[in-house]
Amino acid sequence: MRVAVVFESLYGNTHEVAEAVAAGVADARPDAQVELLRVGDANPQRAAAADLLIVGGPTHMRGMTTGLSRKMGVSAEQKKDPEERHDLEPGAEGPGVRDWFHELPEAGDHRPAAAFDTRIGARMAGGAAPGIARRLRHHGYEVIADPEPFYVQDNGEGPLKEGETDRARAWAAGLVRQAVTIVGSPTRTGAPTDR
Ligand SMILES: Cc1cc2nc3c(=O)[nH]c(=O)nc-3n(C[C@H](O)[C@H](O)[C@H](O)COP(=O)(O)O)c2cc1C
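Residues numbered from 1 in each chain as written. Predicted model: local features only at pLDDT ≥ 70, side-chain atom pairs only at ≥ 80, totals over all residues.

**Some remarks on the overall build of the protein**
Threshold: By the criteria applied, helices consist of DSSP H or I runs no shorter than four residues and strands consist of E runs no shorter than two, each listed in order from the N terminus. To get the radius of gyration, use the C-alpha atoms; to get the globule rule, take the number of residues to the power 0.38 and multiply by 2.2 Å. Backbone-placed C-beta atoms define the burial measure: a residue is buried with 20 or more other C-beta atoms within 10 Å of its own, exposed with 12 or fewer, and partly exposed in between. The contact rule is simple: place each C-beta atom from the backbone, and if two of them lie within 7 Å, those residues are in contact.
Along the protein, the regular secondary structure elements total six helices and six strands. When the helices and strands of the protein are listed from N to C terminus, the series reads β-α-β-α-β-α-α-β-α-β-β-α. Taken against the 2.2 N^0.38 rule, which gives 16 Å for 195 residues, the C-alpha radius of gyration of the protein at 16 Å falls within 12% of a compact globule. Counting only residues that meet the buried cut, the protein has 43% of its 195 residues in that class. Long-range pairs, those at least 24 residues apart, make up 75% of the contacts in the protein with a sequence separation of at least 6.

Structure (structure tokens):
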């Protein structure tokens, strides 16, 4: 079984969640081939060929990031005193998950997928994962879980709130167990890859 975890990240929190997700996949399926892919490096054709596709990104302005929101984040960082600055993730300015979806091929076979985001825990703060899940569906994926939020500290820059990486790991393990029943089902064409 091949699992692709595609993530976007500015400050590193979504990256950390994506790593925990990849670990959770391995917990549930030690023989799975897990690919942890930064969105700028994630070949869409290759990601689309995975048996399970998991996509996550940070919440900006109540939804998925945009070129403008990423620029705002990066320039806010540059205005800080050097000792207060974060090391931003490579490719922080983009492209983001929103752009990546333009290149993602149609799944065409109800291939399992799931979406997650990072966000602050405030009411009305929105989330990126619902938009990611919607795009997965529009590309023909079967979204097998509700969009899952993971929470960063209220400053919006992180670190993640306590326990979130453990929760991400358990969430991913559950997803894989569910995906195995779908990709292994006799009614679905194309058995899971045994790689
Ligand atoms: C420009 C900008 C806008 C943001 N808007 C929101 C928002 O509307 N709702 C929210 O929950 N978090 C918001 N945040 C906080 C981000 O969700 C947080 O920085 C992100 O989850 C951290 O993930 P990362 O470390 O992977 O970049 C915003 C952050 C930035 C930089």
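Anyway, onward from the coordinates.
**Concerning the UniProt feature "domain: Flavodoxin-like" (unreviewed entry) in the protein**
The condition is simple: UniProt positions are given in the numbering used here, feature names are shortened, and annotations may be inferred rather than shown by experiment.
UniProt annotation of "domain: Flavodoxin-like" (unreviewed entry) refers to residues 3–176 when read in the numbering used here. Structurally, residues 3–176 is divided into 34% helix and 18% strand, and its ends, taken at the C-alpha atoms, are 9 Å apart.

**A word on the environment of G57**
Among the structural elements, G57 can be located in strand β3 (residues 52–58). When the C-alpha positions of G57 and V97 are compared, they lie 6.9 Å apart, and in sequence the two are 40 residues distant. Non-local contacts of G57, meaning those with residues more than four positions away in its chain, are made with F7, E8, T14, M64, T65, G96, V97, D117, A128 and I132.

**Observations regarding the site of the ligand**
Where we set the bar: In this entry, near means the residue's backbone-placed C-beta atom lies within 6 Å of the molecule or strand. Classification used: nonpolar for Ala, Val, Leu, Ile, Met, Phe, Trp, Tyr, Cys and Pro, charged for Asp, Glu, Lys and Arg, polar for all others including Gly.
For the ligand, the set of nearby residues contains 24 residues, the closest of which are Y11, N13, T14, G73 and T118. Residue assignment for the shell around the ligand shows that the elements contributing at least two residues are α1 (13–28), α3 (67–78) and β4 (112–119). Residues that form the shell around the ligand fall into these classes: eight nonpolar, 13 polar and three charged.

**Focus on the nonpolar core**
Put simply, the rule is: As used throughout, a nonpolar core is a set of buried Ala, Val, Leu, Ile, Met, Phe, Trp, Tyr and Cys residues joined through C-beta atoms within 7 Å of each other.
By size, the foremost hydrophobic cluster in this structure holds 48 residues, and its most contacted members are V3, V5, V21 and I54. For this core, the element with the most residues is α1, which contributes seven residues. Setting aside its immediate chain neighbours within four residues, I54 contacts V3, V5, V21, A113, A114, A172 and L175.

**A few points about the confidence of the model for the protein**
Caution applies to low-pLDDT regions: their predicted coordinates should not be interpreted in detail. Spelled out, the test is: Looking at any residue, its pLDDT shows the predictor's confidence there, from 0 to 100.
For the protein, mean pLDDT is 93; residues scoring 70 or higher make up 94% of the total. Across the assembled chains, the prediction reports ipTM 0.99 with pTM 0.94.

**With respect to the pairing of strand β1 (residues 2–7)**
The condition that has to hold: Strand pairing is assigned whenever DSSP identifies at least 2 bridges connecting the two strands. Looking down the strands as they point away from the viewer, one classifies a crossover as right-handed if the path from the first strand across the helix to the second runs clockwise.
For β1, the tally of buried residues reaches five of six residues, placing the bulk of the element in the interior. Pairing of β1 with strand β2 (residues 33–38) involves six bridges; the strand directions are parallel. Note on β2: the bridge partner recorded for V3 is V34. Handedness of the β-α-β unit built from β1, α1 and β2 comes out right-handed. Where β1 and β3 come together, five bridges link them in parallel fashion. Bridge pairing in β3 links V6 to V55.

**A closer look at unusual backbone geometry**
P95 follows G94 through a cis peptide bond whose omega is 5°. Turning to its location among the elements, P95 is positioned in the loop between α3 and α4 (97–100). For the peptide bond that leads from G158 to P159, omega is 5°, which places it in the cis range. Although it is not a glycine, R62 sits at a positive phi angle of roughly 70°. Mapped onto the elements, R62 comes out in the loop between β3 and α3. Taking the number of C-beta atoms within 10 Å as the measure of exposure, R62 has 12 and is therefore exposed. At M124, a position not held by glycine, the phi torsion is positive, near 65°. By the secondary structure assignment, M124 is in the loop between β4 and α5 (129–138).

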